[in-house]
Each structure stands twice: as structure tokens, then as C-alpha cells.
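Residue strings, one per chain:
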Amino acid sequence: MRINKVISLSQFIADQQSKFPGATGDLSKIFRDIKFAAKIVNRDVRKAGLVDILGAHGTVNVQGEEVKKLDMIANEEFKSSLTLGGDCCAIISEEEEDIHHIETTLNQDSKYIIAMDPLDGSSNIDVNASIGTIFSVYQRITPVGGPVNMDDVLQKGTNQVAAGYIIYGSSTMIIFTTGQGVNAFTLDSSIGDFLLSHPDIQIPKDGKIYSINDGIYDRMGPGVQKYVDYCRNSIDKETYSARYIGSMVADFHRNMLKGGIFMYPSTTDAPNGKLRLMFESNPMAFITEQAGGKATTGDGKRIMELQPTKIHQRNPVFMGSPDMVNKVESFIYK
Ligand code: AHG
Ligand code: MN
Ligand code: MN
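Within any chain, residue numbers begin from 1 and follow the written order of that chain's sequence. All chains are assigned letters beginning with A, and all ligands numbers beginning with 1, in the order in which they are written. For this predicted model, a pLDDT threshold of at least 70 governs which residues receive local features, and a threshold of 80 or more governs which side-chain atom pairs are given and counted, while totals over whole chains, interfaces and linings are taken from all residues. Excluded from the side-chain calculation are hydrogens and water; included are all heavy atoms of the structure.

**Quick notes on the sheet that holds strand E13 (residues 260–264)**
Here is the rule: For two strands to be treated as a pair, DSSP must find at least two bridges joining them. The way it works is that DSSP assigns letters per residue, a run of H or I at least four long becomes a helix, a run of E at least two long becomes a strand, and they are numbered from the N terminus.
Spatially, five strands are ordered E12-E11-E13-E15-E14 in an open sheet, and the strand pairing comes out mixed. In the strand order of this sheet, the two ends are held by strand E12 (241–242) and strand E14 (294–296), each with one partner. Note that E14 and strand E15 (residues 317–320) share three bridges and pair antiparallel. Paired with Lys 294 across the two strands is Gly 320, which belongs to E15.

Listed below in C-alpha cells is the structure:
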């Protein structure tokens, strides 16, 4: 029996696609592959405490950071699903130095490129806190069939065809946009499918939560410090709450639903901040803007308008409720 008003992710994508008469259905297939990989990673995350997939992998990723086993597993699982699906011609990943070309017979006519952070918030794996996967979908610029080059992968965020994240939290959700608003689907593990649970998400215009790593306070610029001071000393103004778990997906998700700002500014030792434009900033910026929020580098520049010059480029991030982003920028400009 089909339950009234229950909309599955596949149904939703098919409905969206039917509104575009010229649509080939290839994007739907990309979502099918992402959904499949998400379910596999979800399974592995859920048994992370039971089998030997916890802890450091013993190598460092291209950012020079320690790679956890689950980062590698998630990277392989998404790559495998997207390759076997046949609708993706190249992948760039936080865990890979260069472009991962997919040149099988099945994929030779594919036009989509995926940028992904297969496991975000990896320092939370060992402590059973929420982690996620972030992805962006682009269309290649060069003709299909030929080799994918740097111009194909280094596109501005404004060129994203779709973006989303999966959060492996107290429940597992996929949240995405194809440029027609933001919708969230929650995994019902009893039937093994993602069901529409949060239609047309809107970020509250203003909020009370600020999310920033307080440990880098002394290394932030004076404008951001003043904004943090303003939030801390909010007794006779509005009362703010600091909430920060160190997993962008989880911190962002909370703020999107409740109203808040997520910040990762530049610091004296990291002038471009920590977060990666292609894998973290752009997809989250697309979702933010589609939900009515604002996503900037703190100096009035839209993240999605930055021109990437390298795959692993970083940039400062200020995103969330638009009034809060405007407020912090007013402190930075002072
Ligand atoms: P990843 O696990 O993919 O390397 O990303 C971690 C990122 C992001 O999720 C989080 O917001 C940020 O790093 C936390 O950094 P700090 O520990 O410096 O606060
Ligand atoms: Mn990350
Ligand atoms: Mn990661």
C-alpha cells in the first residue's frame, strides 16, 4: 500500500525532471548513484564502533591532514557508485590530489562532473558525533567524449547544476538543491529509502546561534573578533548561543534549520581560512542562497562568484541567516 503524501527522493527527482521537457534524465541518475553510495556509507558509519574501520588510516591526505579509514572508504564508495552509474565523466575529491578521470565505455558520453568531500567532520568519527558527505554537480565545458581538463573542473560555484550534503546524525538525511529551493529527505531504514521530511527549507532571516572555532580567536582579524565579542557580550542585547562541533555539515545543518551563522575566517597562519572552495564552501553556499541565506567571504564577496584556480583552494566562509552575515560584515568593514 502506498501511503498518502509520502514522497520518496526518486519520486521527487522524477517529478522535478518532468517539469523540464528537454531533460535527459542524466541528473536523476547522478542522484540515484549518490543515494546508493550514501546508503552504503551510512551502513559503514552505523557500524563504525563495531568493526575495525575506526581510527587513522596511517596516511595523510593532500591537505597534509591525517586521513581516517572511513574517509578513504567513503571516497571509494562514492567513486565506485558514480563510475558504475555511467553518468559522470570525472570526479574531484578532497581525498584526491588530481582529477579522477572516468573513461569507461559506459561513461564516455557523460557530461557531469562531481566535486565531493566524501567524509566531512572526520575528527568526529571516533567520538560518535555527526559527520557528513558534501557534493556538487557541474556540467563539463568541453565537448563530451574528449578528455576532461582543468577548465571543466575549476568552474565558479554559480555554475553548479546541483549541490547537497548527507548528514549521518541521529538520523541520516540528504539535503540538496537543483536551483529550485532546498529540500531534505530522511532515510527510513525500515524501507531503505529517503522520504521527503523538510520541504522547501528557508533559513530564518535572523538567528541566535554563532558557530566558530573559539580556539582560533587570537589569530582572527579584528573585525571578526569584534563580532565574536558582540555575540559573547549579548546580555543587554539579544542573547546569542555559541554552538560548534567541528563538523561543517552538522554545524551548518543546525543553523539552517534554527537560524544562525557559521564562520571559518582567515587567520594569521591560514590567510585563506581552512575550508575548501570546491568541496565545502561552494556546495554549502549554493544551498544557503537557495534557502534564502547569504554566503560570503566576509568582505562582501559572494563565495559562488570566486574563480577557482586550483582544485584544493581554500577561502574564508561566513554563511547562514542573512541578517547575521550582514552584521558580521559591518564589523569587518568598520
Ligand atoms: P574534513 O573532515 O572534511 O577535513 O573537514 C573538517 C572541516 C569542517 O567540517 C569543519 O567545519 C572544520 O574542518 C573544523 O575545523 P577546526 O577543527 O579547525 O575548527
Ligand atoms: Mn570537510
Ligand atoms: Mn573530508
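Now that the structure has been shown, the text picks up again.
**A few points about the coordination of the manganese ion (ligand 2)**
Quick note on the threshold: A 2.8 Å cut-off from the metal defines N, O and S donors, relaxed to 3.2 Å for Na, K and Ca; water is not in the atom list, so some sites may appear incomplete. For every residue, the accessible area (1.4 Å probe, protein chains only) is compared with the maximum for its type, and the residue is labelled buried under 20%, exposed over 50%, or partly exposed between those bounds.
Around the manganese ion (ligand 2), the donor atoms from the protein are Asp 117 (OD), Asp 120 (OD) and Glu 280 (OE), and they sit 1.9 to 2.2 Å away. Between the donor residues of the manganese ion (ligand 2), the gaps in sequence give the motif D-x2-D-x159-E. The distance between the manganese ion (ligand 2) and the manganese ion (ligand 3) comes to 3.7 Å, and Asp 117 binds to both of them. A residue pair is termed long-range when its members are at least 10 positions apart, and Asp 120 in strand E5 (residues 112–120) and Glu 280 in helix H7 (residues 277–290) qualify at 160 residues. Glu 280 shares its class with Asp 120; the two are buried.

**Some thoughts on the site of ligand 1**
Stated formally: We call a residue near a molecule or strand when any one of its heavy atoms sits within 4 Å of it. Think of a polar contact as two N or O atoms within 3.5 Å of one another; within protein, one of them needs to be a possible hydrogen donor and the other a possible acceptor, and neighboring residues in sequence only count if both atoms come from side chains. Only the protein chains shown count as cover for residues, and all accessible areas are computed by the Shrake-Rupley method using a 1.4 Å probe. Throughout, the edges of the domains are those of an automatic or database domain assignment.
Taken together, 17 residues form the shell around ligand 1, and within it Asp 120, Gly 121, Tyr 244, Met 248 and Tyr 264 come nearest. Residue Ser 122 places a main-chain N or O atom 2.8 Å away from an oxygen atom belonging to ligand 1. Summarising the interface, the protein chains cover 86% of the accessible area of ligand 1, which totals 470 Å² for the free molecule. Contributions of two or more residues to the shell around ligand 1 are made by E5 and E13. The element that contributes the greatest number of residues to the shell around ligand 1 is E5, accounting for three residues. Residues from two domains meet in the shell around ligand 1; each of domain 1 (9–198) and domain 2 (209–333) gives at least three.

**Observations concerning the domain arrangement of the protein chain**
What counts here: Contacts are assigned to residue pairs with any non-hydrogen atoms lying within 4.5 Å of each other. By definition, the buried area sums, over both parts, the 1.4 Å-probe accessible area that each loses when the two are put together. Put simply, a salt bridge is a Lys or Arg side-chain nitrogen that is within 4 Å of an Asp or Glu carboxyl oxygen.
Partitioning the protein chain into structural domains gives domain 1 (9–198) and domain 2 (209–333). Taking the mean C-alpha position of each, domain 1 and domain 2 sit 23 Å from one another. Residue-level contacts link 50 residues of domain 1 with 33 residues of domain 2. Approximately 3,000 Å² of surface area, both sides summed, lies buried where domain 1 meets domain 2, with 64% of it carried by carbon and sulfur atoms. Linking Arg 276 and Glu 94 is a salt bridge whose minimum nitrogen-to-oxygen distance equals 3.3 Å. For the interface between domain 1 and domain 2, the tally reads 14 residue pairs in polar contact (both at pLDDT 80 or more). At the level of elements, strand E3 (88–93), E5, strand E6 (131–139), helix H4 (150–153), strand E7 (162–168) and strand E8 (172–177) are the ones that each hand at least two residues to the side of domain 1 that touches domain 2. Ranked by the residues each element gives to the side of domain 1 that touches domain 2, the list is headed by E6, at seven residues.

**Description of the sheet that holds strand E9 (residues 182–188)**
One key point about sheets: their strands pair by backbone hydrogen bonds, in either a parallel or an antiparallel sense. Inclusion rule: Here an axis means a line fitted to C-alpha atoms, over the contact stretch when the element is a helix, while the angle between two N-to-C directions is reported on a 0 to 180 degree scale.
Pairing is mixed across the open sheet formed by eight strands, whose spatial order is E4-E3-E5-E6-E7-E8-E9-E10. The sheet terminates laterally at strand E4 (100–101) and strand E10 (193–198), the two strands that pair on one side only. Pairing geometry for E7 and E8, over six bridges, is antiparallel. Residue Ala 163 lies in a different strand from E8, and its bridge partner there is Thr 177. Here helix H3 (residues 69–85) sits on the sheet and contacts E3, E4, E5, E6 and E7; the angle it forms with E5, its principal contact strand, is near 155°.

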